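# Structural overview for review
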Amino acid sequence: MTEIYDLHCHSTASDGALSPQDLVSRAKQYGVTHLALTDHDTVAGVAEAQIAAEMEGINLITGIEFSTTWQSHCLHIVGLNLDPSHSLIAEGSHAIQTIRDERAKKISIKLEKKRIPGAFEAVKQAAGEGMITRTHFAEFLLSQGYVSTLQGAFDHYLGEGKAGYVSTQWPGLEQVVHWITASGGIAVLAHPMRYKLTGSWMRRLLMDFKEMGGLSLEVVSGRNNPDEINTLARYAKQFDLAGSAGSDFHNPKNIWVELGRLNPMPDFVTPVWHLFETNALTS
Ligand code: AMP
Ligand code: MN
Ligand code: MN
Ligand code: MN
């Protein structure tokens, strides 16, 4: 059977639309054989996903997507195949939840100043026990008719420099990579094209990341075109990093991104799942 890896997606434990169980069922439906659930800064959905994966007969790889600040850039580091019950994951997750709650209050105050009341109560309720993200604010702004699309919410209110933007100091890169590696996982730089770094900044980042223990780069992601994949594959090769592949699926309503719908990994890149074999946690 062909193996289809999707190593980046979100559930209701962070800003995904589907419960972990529904996400796993959808992954199965779309032919995914190996799925990693990588919610923002939390592993709260992993246990439910694991049970669902056993029922559906697909392989679940434990995961998380940590937010970090490096040289004043906000970056995302995916952790794969880690021990979700490791104390450092719980500590890191808890620290970021506090940062997210504080940020959510500040965003709400900024929106109130723009005569948009009630945001904090709405996002808190929508997130439930999960992490509050800007996606929750975007959904609130959309449901109240302040914008007509999710993208519009980022363009007009939540994006950098906009009225509801709050600049945030996330835990540092070295710390986040340590949380992942110390808990037995593999640290992956997520969607590297999203940061809009120049070539020299990208090389500086990859050098730092590798020195800190980072092992992989997301070469194939949901919305990358073949040119971008080729560029990232060459970075992976140059810095001796394994290539990861993940859709970054959040919501079935986004017709552009689907679980398992990914371009192939260029054959000169070592796939990150080859590293799983040396890792005791993989089933
Ligand atoms: P946060 O980590 O709370 O800052 O939220 C970031 C999340 O917002 C990302 O993981 C995306 O899911 C979503 N997001 C960021 N920028 C956009 C955008 N331009 N359009 C739609 N969703 C976005
Ligand atoms: Mn997200
Ligand atoms: Mn991300
Ligand atoms: Mn993501």
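Just so it is clear, the structure is predicted and the values come from calculations on it, not from any experiment. (Residues numbered from 1 in each chain as written. Chains lettered and ligands numbered in written order. Predicted model: local features only at pLDDT ≥ 70, side-chain atom pairs only at ≥ 80, totals over all residues. Heavy atoms only, no water.)

Time to look at the site of ligand 1. All residues adjacent to ligand 1 are Asp15, His40, Arg100, Arg103, Thr133, Arg134, Thr135, Gln151, Phe154 and His250. Here an oxygen atom of ligand 1 sits 2.8 Å away from a polar atom, N or O, in the side chain of Arg100. Residue Thr135 places a side-chain N or O atom 3.2 Å away from an oxygen atom belonging to ligand 1. Coverage of ligand 1 by the protein amounts to 77% of the 500 Å² it exposes when considered alone. (Near = heavy atom within 4 Å. Polar contact = N/O pair within 3.5 Å; in protein donor to acceptor, adjacent residues only side chain to side chain. Areas by Shrake-Rupley, 256 points an atom, 1.4 Å probe, with all protein chains shown as cover.)

What follows concerns the coordination of the manganese ion (ligand 2). Every protein donor of the manganese ion (ligand 2) is listed here as Asp15 (OD), His40 (NE2) and His250 (NE2), and their distances to the metal cover 2.1 to 2.2 Å. A separation of 5.6 Å is found between the manganese ion (ligand 2) and the manganese ion (ligand 3). Residue His40 is found in the loop between strand E2 (34-36) and helix H2 (46-56), and its partner His250 is found in the loop between strand E8 (242-246) and helix H10 (273-276); the two are separated by 210 residues along the sequence. Under the relative-accessibility criterion, His40 is labelled buried at 7%. A relative accessible area of 21% places His250 in the partly exposed class. (Donors = N, O, S within 2.8 Å, 3.2 Å for Na, K, Ca; no water. Helix = DSSP H or I, 4+ residues; strand = E, 2+ residues; numbered from the N terminus. Buried < 20%, exposed > 50% of the residue type's maximum accessible area, 1.4 Å probe, protein only.)

Once that is clear, we can look at the sheet that holds strand E4 (residues 63-70). The mixed open sheet is built from 5 strands, whose spatial order is E4-E5-E6-E7-E8. Of all strands in the sheet, those with a lone pairing partner are E4 and E8, marking the two edges. Averaged over all pairs of adjacent strands, the angle between their axes in this sheet comes to 40°, without regard to strand direction. In terms of strand pairing, strand E7 (residues 216-221) meets E8 through 5 bridges, oriented parallel. (Pairing = 2+ DSSP bridges. Axes fitted to C-alpha atoms, helices over the stretch in contact; angles between N-to-C directions.)

With that out of the way, let us pick up the layout of surface pockets. Here the largest pocket is characterised by a volume of approximately 2100 Å³. In this structure, the largest pocket is lined by 49 residues; those nearest its centre are His76, Arg134, Gln151, Phe154 and Arg194. Contributing elements (two or more residues each) for the lining of the largest pocket: E4, strand E5 (73-80), helix H3 (87-113), helix H5 (134-143), helix H6 (150-158) and E7. In terms of residue class, the lining of the largest pocket is built from 13 nonpolar, 22 polar and 14 charged. Taken as a whole, the second largest pocket holds about 180 Å³ of empty space. (1 Å grid on protein atoms, 1.4 Å probe; cavity = no way out; pocket = protein on both sides within 12 Å on 5 of 7 lines; lining within 4 Å. Points joined across faces, edges and corners; volume = space filled by probe spheres on them. Nonpolar A, V, L, I, M, F, W, Y, C, P; charged D, E, K, R; others polar.)

For Asn81, which is not glycine, the phi dihedral falls at a positive 60°. Note on placement: Asn81 falls in the loop between E5 and H3. We note that Lys196 has phi near 55°; this positive angle belongs to a residue other than glycine.

Counting 67 residues, the largest nonpolar core has Leu7, Leu35 and Leu80 as its most contacted members. Non-local contacts of Leu35, meaning those with residues more than four positions away in its chain, are made with Asp6, Cys9, Val24, Ala27, Ile58, Asn59, Leu60, Ile61 and Leu259. Counting residues in each nonpolar core, the second largest holds 18 residues, with Ile107, Ile116, Ala127 and Val147 among its members. (Core = buried A, V, L, I, M, F, W, Y, C linked by side-chain atoms within 4.5 Å. Contact = heavy atoms within 4.5 Å.)

Within the protein, the manganese ion (ligand 4) binds to His8 (NE2), His10 (NE2), Glu65 (OE) and Asp248 (OD); these donor distances fall in the range 2.1 to 2.2 Å. Mapping the donors of the manganese ion (ligand 4) onto the primary sequence gives the spacing H-x1-H-x54-E-x182-D. Separating the manganese ion (ligand 4) from the manganese ion (ligand 2) is a gap of 4.7 Å. Taken together, the residues His10 in the loop between strand E1 (5-6) and helix H1 (20-29) and Glu65 in strand E4 connect sequence positions 55 residues apart. Its relative accessible area of 0% is what places Glu65 among the buried residues.

One open sheet holds the 3 strands; their spatial order is E1-E2-E3, and the pairing between them is parallel. At either margin of the open sheet sits one strand with a lone partner, and together these are E1 and strand E3 (59-61).

Here we take up the side chain of His8. Counting through the fold element by element, His8 comes out in the loop between E1 and H1. Polar side-chain contacts of His8 include one of 3.1 Å to the side chain of Glu65. Aside from chain neighbours lying at most four places away, what touches His8 is Ala36, Thr38, Glu65, Val78, Ala190, His191, Glu218, Gly246, Ser247, Asp248 and Phe249.

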